[in-house]
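Spelled out from the first residue to the last, the chains are:
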Amino acid sequence: LDGKGVLGALAQLPVFLGMFQALRDAGDGVKFLWVPNLLRPDLALALIAGLTTALMMAANPDLPEQVRLFMVIVPSVIAIVAALQFSSALAIYWATSNTFSAIQTLLLHAIVRRRIRSGCVRI
């Protein structure tokens, strides 16, 4: 296990648990998009959470090829199973957070590549 990855997950854990507690205590019947009740799990949102987890993991180009497939599939399956156990609101949070992280990583790598090609940054 990478210490930075574990530290990043631990840093997000209080936010995740706080949202879980807040949403668990919220009233029933809150609707969002196609989901009739945000307190209940939704299969489509669970799949979206799993896909965005795969996108986030695939955006990391530093993974060795032997580990890459394992590091994309396993967290995605765990995300789907977990999202099916929790409220839909947490799946929405998870999918949104993963999407922004993946976009941020891809943009950062594109900027660094462009600066390396232009000679501004040397490795």
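What this report covers is the structure whose coordinates are included nearby. (Residues numbered from 1 in each chain as written. Predicted model: local features only at pLDDT ≥ 70, side-chain atom pairs only at ≥ 80, totals over all residues. Heavy atoms only, no water.)

Re the overall build of the protein chain
- A tally of regular secondary structure across the protein chain gives four helices and zero strands.
- From first element to last, N terminus to C terminus, the protein chain shows the α and β order α-α-α-α.
- By the burial criterion, 24% of the 123 residues in the protein chain qualify as buried.
- Long-range pairs, those at least 24 residues apart, make up 62% of the contacts in the protein chain with a sequence separation of at least 6.
- Summed over all atoms, the accessible surface of the protein chain reaches about 8600 Å², with 69% contributed by carbon and sulfur. (Helix = DSSP H or I, 4+ residues; strand = E, 2+ residues; numbered from the N terminus. Buried < 20%, exposed > 50% of the residue type's maximum accessible area, 1.4 Å probe, protein only. Contact = heavy atoms within 4.5 Å. Areas by Shrake-Rupley, 256 points an atom, 1.4 Å probe, with all protein chains shown as cover.)

Regarding the nonpolar core
- Listed in full, the nine residues of the largest apolar core are Val35, Leu38, Leu45, Ala46, Ala49, Ala83, Ala89, Ala91 and Ile92.
- Those residues in contact with alanine 91 that sit more than four places away from it in its chain are Leu45, Ala49 and Ala83. (Core = buried A, V, L, I, M, F, W, Y, C linked by side-chain atoms within 4.5 Å.)

Some remarks on a nonpolar patch on the surface
- Among the surface-exposed residues, Val6, Leu10, Leu13 and Leu17 lie close enough to one another that they form a single nonpolar patch of about 330 Å² accessible area.
- Position of leucine 10 among the secondary structure elements: in helix H1 (residues 3–25).
- The exposure class of leucine 10 is exposed, given its relative accessible area of 51%. (Patch = residues over 30% accessible without salt bridge, like charges linked within 9 Å, V, L, I, M, F, W, Y side chains within 5 Å. Salt bridge = Lys/Arg side-chain N within 4 Å of Asp/Glu carboxyl O.)

Things to note about helix H3 (residues 65–83)
- Helix length check: H3 (19 residues) gives 28 Å between terminal C-alpha atoms against 27 Å at 1.5 Å per residue, within 8%.
- In this structure, the buried residues of H3 make contact with helix H2 (43–58) and helix H4 (88–118). (Expected span 1.5 Å × (residues − 1).)

Worth remembering: the numbers are spatial, not functional.
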